[in-house]
Amino acid sequence: MAKRVFNFNPGPSTLPLSVLQEAQNELIDYRGCGMSVMEMSHRSKDFEAIVHSAENTFKELAGIGDDYRVLFLQGGASLQFDMIPMTFLQEGKSADYVVTGSFAEKAYKEAKKIGTVKAAANLAEENHRRIPQQDELELDPSAAYVHITTNNTIFGTQWHYTPQTNGVPLVADMSSDILSRPMDYNQYDLIYAGAQKNLGPSGVTVVVIRQELLKQVPETLPSMLRYDLFAKNDSLYNTPPAFGIYMIDLMLEWLKDAGGLEAMGRHNMEKAALIYHAIDNSNGFYSGHAAKDSRSQMNITFRLPSEELDKAFIQEAAAQNLTGLKGHRSVGGMRASVYNAMSREGCQKLADFMTEFQKKNG
Ligand code: PMP
């Protein structure tokens, strides 16, 4: 029996064992094809069926209809930082960016290279401890779009409301919380996410785009940056990251079998609560980075009283098969990433470990 640890890495991150086993079973001979998905022509009927299934299951889970397309692209979420302004930030227009963390800031800075952008809010001075409220957003009614980052992977904060933009298209980087909770996806015009947290392995970027926006894509853009060409070709404009798309399809089926977003949202809330409870009941031994009303259910960030204790915590946790807990260097401390595939058992184990560690060192 292979050894599996409780993997709290921020991405690439843990995948459900059943999904890995299914991929393992189908690796040598995919459903009677006599070859693996890695070896298959992307123009084959079998692969086309996988792409269609992934697009349709995504739409079903997210509750979106035929006014949207789901595309499977490459270049990571980071390429979307460029493709979005290159497509929608036309001459004479400006776009609003809500800067809530490191990746939001990267998106903002990339867009700035391409056109005029404004920071609708930027809480860097508060070390991105919280998400701004609607009335703190300085939104330009004539903006080309508003860009938000629904979950801030590094700081451990998450939007718990959808900002009202008065008809201005809403664009969201959902890399670290896509399909993790019920929400109205129809309020968004473009959503993107690197797959390597909630959706599958790295190497695929999921882009959900309202069909209407495809008309705005300038024909002068290089072909590989054109959403409309990928939409027209069902994500097969060129050779796609085929195995990654197959893994996403398996992950989406797994999520459906687990009860979809309602069930997953409840599960994620309960999982995160176990760890936040350990923080809140530690008499300050553990201090959470995020303000309570902005806490993320995906990335839980906290500090111990000293760097020595940080080190000891990581070492002792690893000895108990709890790995990937070191926080990002810009925030320090710990970060427990508990995406969809992290089990409740893993969260309970971490919470128990935290309590034990405090008893010994507090
Ligand atoms: N946005 C967010 C919120 C992220 O967490 C990350 C990666 N951790 C990125 C963007 C960048 O993604 P990629 O590495 O796929 O370009």
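It should be emphasised that the depicted structure is a prediction, and the values quoted were computed from it without experimental measurement.

Engineer: How should the packing of helix α1 (residues 17–25) against helix α7 (residues 242–257) be read in this particular structure?
Structural biologist: In helix packing, the relevant descriptors are the interaxial angle and the interaxial distance, both defined with respect to the helix axes. Interhelical geometry of α1 versus α7 gives an angle of 135 degrees and a closest axis separation of 10 Å. Taken as axis vectors, α1 and α7 run oblique relative to one another. Handedness of the α1/α7 crossing: right-handed. Here Ser18, Val19, Glu22 and Ala23 of α1 lie close against α7, whose contacting residues are Met247, Leu250, Met251 and Trp254. The class makeup of the residues in the contact of α1 with α7 is six nonpolar, one polar and one charged.

Engineer: Help me understand the UniProt feature "binding site: pyridoxal 5'-phosphate" (unreviewed entry) in the protein chain in this model?
Structural biologist: UniProt tags Ala77, Ser78, Phe103, Thr153, Asp173, Gln196, Asn238 and Thr239 as "binding site: pyridoxal 5'-phosphate" (unreviewed entry). An extended arrangement is adopted by the annotated residues: their sequence extent is 163 residues, and the largest C-alpha distance between any two is 30.6 Å. The residue Asp173 is located in strand β8 (residues 170–173) in this model. Beyond its immediate stretch of four places on either side in the chain, Asp173 contacts Ala77, Phe103, Ala107, Thr149 and Tyr192. As for its position among the elements, Gln196 is in the loop between β9 (190–194) and β10 (205–210). When near neighbours in sequence (up to four residues on either side) are disregarded, Gln196 contacts Gly11, Pro12, Ser13, Pro201 and Ser202.

Engineer: Honestly, the domain arrangement of the protein chain in this entry has me stumped. Any pointers?
Structural biologist: Quite often, the size of an interface is put as the accessible area lost when its parts meet. By domain assignment, the protein chain separates into domain 1 (18–257) and domain 2 (260–361). Every contact between the two is made by 23 residues of domain 1 and, on the other side, 23 residues of domain 2. Of all elements in the fold, only β6 (151–152), β7 (157–158) and α7 reach the threshold of two or more residues within the side of domain 1 that touches domain 2. Along the lines of polarity and charge, the residues of the side of domain 1 that touches domain 2 split into seven nonpolar, 10 polar and six charged.

Engineer: Would you take a moment to explain the sheet that holds strand β14 (residues 334–337) for this structure?
Structural biologist: Whether parallel or antiparallel, the strands of a sheet pair through hydrogen bonds between backbone atoms. Here three strands make up an open sheet; going across it, the order is β11-β12-β14 and the pairing antiparallel. This sheet does not close on itself; its edge strands, each paired only once, are β11 (287–288) and β14. Here β11 runs beside strand β12 (residues 299–303); their pairing, made up of two bridges, is antiparallel. Bridging from a neighbouring strand, Ser287 pairs with Arg303 of β12.

Engineer: It is not clear to me how helix α3 (residues 76–88) should be interpreted in this structure. Could you clarify?
Structural biologist: Owing to its 3.6 residues per turn, the α-helix aligns residues three or four sequence positions apart on the same side. Here α3 spans 19 Å end to end across 13 residues, near enough to the 18 Å set by a 1.5 Å rise per residue. Three or more residues of α3 are buried, namely Ala77, Gln80, Phe81, Met83, Ile84, Pro85, Thr87 and Phe88. Packing partners of the buried residues in α3 comprise β3 (94–99), α4 (102–114), β8, β9, β10 and α6 (227–232).

Engineer: Sorry, what's going on with the site of the ligand here?
Structural biologist: The local shell around the ligand consists of Gly11, Gly76, Ala77, Ser78, Phe103, Thr149, Thr153, Asp173, Ser175, Ser176 and Gly194. Of the residues that constitute the shell around the ligand, the class distribution is two nonpolar, eight polar and one charged.

Engineer: Explain the nonpolar core to me, please; I cannot follow it from the model alone.
Structural biologist: Nonpolar side chains tend toward joint burial in soluble globular proteins. In terms of nonpolar packing, the biggest core is built from 72 residues, with Tyr97, Leu190 and Val206 touching the most fellow members. Residue contributions to this core peak at 10 residues, all from α7. If near-sequence neighbours (up to four positions away) are discounted, Leu190 is found in contact with Ile84, Val171, Val207, Val208, Ile209, Arg210 and Leu213. Met334, Ala336, Leu350 and Phe357 belong to the second-largest nonpolar core, a separate cluster that totals 28 residues.

Engineer: Whenever I open this one, the sheet that holds strand β2 (residues 68–73) confuses me. Can you help?
Structural biologist: Taken in spatial order, the seven strands line up as β2-β10-β9-β8-β5-β3-β4 in an open sheet, and their pairing is mixed. For this open sheet the edge positions go to β2 and β4 (116–122), each flanked by a neighbour on one side alone. Across the sheet, the mean angle from the axis of one strand to that of its neighbour is 20 degrees, orientation sign disregarded. Pairing between strand β5 (residues 146–149) and β8: four bridges, direction parallel. Its bridge partner being in β8, Ile148 is matched across the sheet by Ala172. Against the sheet, α3 makes contact with β3, β8, β9 and β10, and its axis sits at roughly 155 degrees relative to β9, the strand it touches most.

Engineer: Just to check I follow, could you spell out the confidence of the model for the protein chain for this structure?
Structural biologist: Atomic detail in the predicted coordinates should be set aside for any region of low pLDDT. Mean pLDDT over the protein chain works out to 97, with 100% of the residues at or above the 70 mark. For this predicted complex, the interface confidence score (ipTM) comes to 0.99, while the overall pTM stands at 0.98.

Engineer: What should I look at first to understand unusual backbone geometry in this one?
Structural biologist: Note: most residues except glycine have negative phi, and most peptide bonds are trans. Here the amide bond leading from Gly11 into Pro12 is cis, since omega sits at -5 degrees, within 30 degrees of zero. Relative to the helices and strands, Pro12 resides in the loop between β1 (6–7) and α1. In this model, Asp234 sits at a positive phi of 50 degrees, which is unusual for a non-glycine residue. Structurally, the position occupied by Asp234 is in the loop between α6 and α7.

Engineer: How should I be thinking about the packing of helix α2 (residues 45–62) against α7 in this particular structure?
Structural biologist: Contact pair α2 / α7: the axes reach a minimum separation of 9 Å and the direction vectors enclose 40 degrees. Comparing their axes, α7 and α2 come out oblique. For the element pair α2 and α7, the recorded crossing hand is left-handed. Residue-level inspection shows Phe47, Ile50, Val51, Ser53, Ala54, Thr57, Phe58 and Leu61 of α2 in contact with α7, the latter providing Ala242, Ile245, Tyr246, Ile248, Asp249, Leu252, Glu253, Leu255 and Lys256. Within the contact of α2 with α7, the residues separate by chemical class into 12 nonpolar, two polar and three charged.

Each value, and the rule that gives it
- Residues numbered from 1 in each chain as written.
- Predicted model: local features only at pLDDT ≥ 70, side-chain atom pairs only at ≥ 80, totals over all residues.
- Axes fitted to C-alpha atoms, helices over the stretch in contact; angles between N-to-C directions.
- Helix = DSSP H or I, 4+ residues; strand = E, 2+ residues; numbered from the N terminus.
- Parallel < 35°, antiparallel > 145°, perpendicular 65-115°, else oblique.
- Left-handed = near helix turned anticlockwise from the far one by under 90°.
- Contact = placed C-beta atoms within 7 Å.
- Nonpolar A, V, L, I, M, F, W, Y, C, P; charged D, E, K, R; others polar.
- UniProt positions renumbered as here; feature names shortened; annotations may be inferred.
- Domains from an automatic or database assignment.
- Pairing = 2+ DSSP bridges.
- Expected span 1.5 Å × (residues − 1).
- Buried ≥ 20, exposed ≤ 12 C-beta atoms within 10 Å, placed from the backbone.
- Near = placed C-beta within 6 Å.
- Core = buried A, V, L, I, M, F, W, Y, C linked by C-beta atoms within 7 Å.
- pLDDT = per-residue confidence, 0-100.

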